[in-house]
Amino acid sequence: MAIPLRVVGPLSSTGVILAIDYGRKRLGLALSDASGALSQPFATWNRTNRRRDLARLRELVKNHGVRRIVVGLPLHLDGTPSEMSEEATGFATRVERALGVRVEMVDERLTSWEAVQSLKKPDSLPRRGRSPVSPRNRKTTLDDLAAAVILRGYLDRERAEIGTRG
């Protein structure tokens, strides 16, 4: 059982948003609720190949009614693109074309660090009913937590933009 990362107030008619923490070996996944008020770690998937990864994402989008996808954009701390930036952007482009769902890139600086910090506080983000994370499983759990942090930041920014417009 995961306790969602809370965000203040829902976004109007958002629909479910999927966040992806892209990696060469794994995809960390997080989902929002339909109102855009909560961000929850969902899963960490080991990558297989492009076709299989896209098929799994298509199924997830269909089963959860995902209306938008955000993919973490790996940048250096100074904001310049990292060696993974182009790869993550290419992945996002393929996902948007294959699934027909709007995909946005989101700055993911320090999300993995924040996920590590949350694991150090055992009561801050329980891991779906699991006992404390063992060192062997730690990397896998960081990926979906990082995706949840990416999603929480995205929802916060969307909410702030709505607040300044209205």
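The following paragraphs examine the structure supplied in this document. All of these numbers come straight from a predicted model, not from anything done at the bench.

Reading the values: the criteria
- Residues numbered from 1 in each chain as written.
- Predicted model: local features only at pLDDT ≥ 70, side-chain atom pairs only at ≥ 80, totals over all residues.
- Heavy atoms only, no water.
- Helix = DSSP H or I, 4+ residues; strand = E, 2+ residues; numbered from the N terminus.
- Expected span 1.5 Å × (residues − 1).
- Buried < 20%, exposed > 50% of the residue type's maximum accessible area, 1.4 Å probe, protein only.
- Arc of directions from axis to C-beta.
- Polar contact = N/O pair within 3.5 Å; in protein donor to acceptor, adjacent residues only side chain to side chain.
- Pairing = 2+ DSSP bridges.
- Right-handed = clockwise from strand over helix to strand, strands pointing away.
- Salt bridge = Lys/Arg side-chain N within 4 Å of Asp/Glu carboxyl O.

Secondary-structure assignment places Lys62 in helix H1 (residues 50–64). Each C-alpha atom of the pair Lys62 and Leu99 lies 9.5 Å from the other, and the pair is 37 residues apart in sequence.

Glancing now at H1. With 15 residues, H1 should cover 21 Å at 1.5 Å per step; its first-to-last C-alpha distance of 21 Å lies within 8% of that length. Those residues of H1 not exposed but buried are Asp53, Leu54, Leu57, Leu60 and Val61. All buried residues of H1 fall inside an arc of 120° around its axis, so they share one side. The exposed set on the far side of H1, more than 90 degrees from its buried face, consists of Arg51, Lys62 and Asn63. Among the residues of H1, the N-terminal cap falls to Asn49, whose side-chain oxygen and the backbone nitrogen of Arg51 are separated by 3.2 Å.

This next bit is on the pairing of strand S6 (residues 102–107). One ladder, built from six bridges, connects strand S5 (residues 66–73) with S6; its direction is parallel. Residue Leu73 lies in a different strand from S6, and its bridge partner there is Asp107. For the segment spanning S5, helix H2 (residues 85–99) and S6, crossover handedness is right-handed.

As enumerated under the stated definition, the model contains five salt bridges in all. Notably, a salt bridge pairs Arg26 with Asp143, separated by 2.7 Å at the nearest N-O pair. Placement of the pair is Arg26 in strand S3 (residues 26–32) and Asp143 in helix H4 (residues 138–165), with a sequence separation of 117 residues. The same class applies to Arg26 as to Asp143, namely buried. Measuring nitrogen to oxygen at the nearest pair gives 3.6 Å for the salt bridge that ties Glu158 to Arg68. Note that Glu158 is positioned in helix H4 and Arg68 in strand S5, a separation of 90 residues in sequence. Each member of the pair, Glu158 as well as Arg68, carries the same accessibility label: buried.

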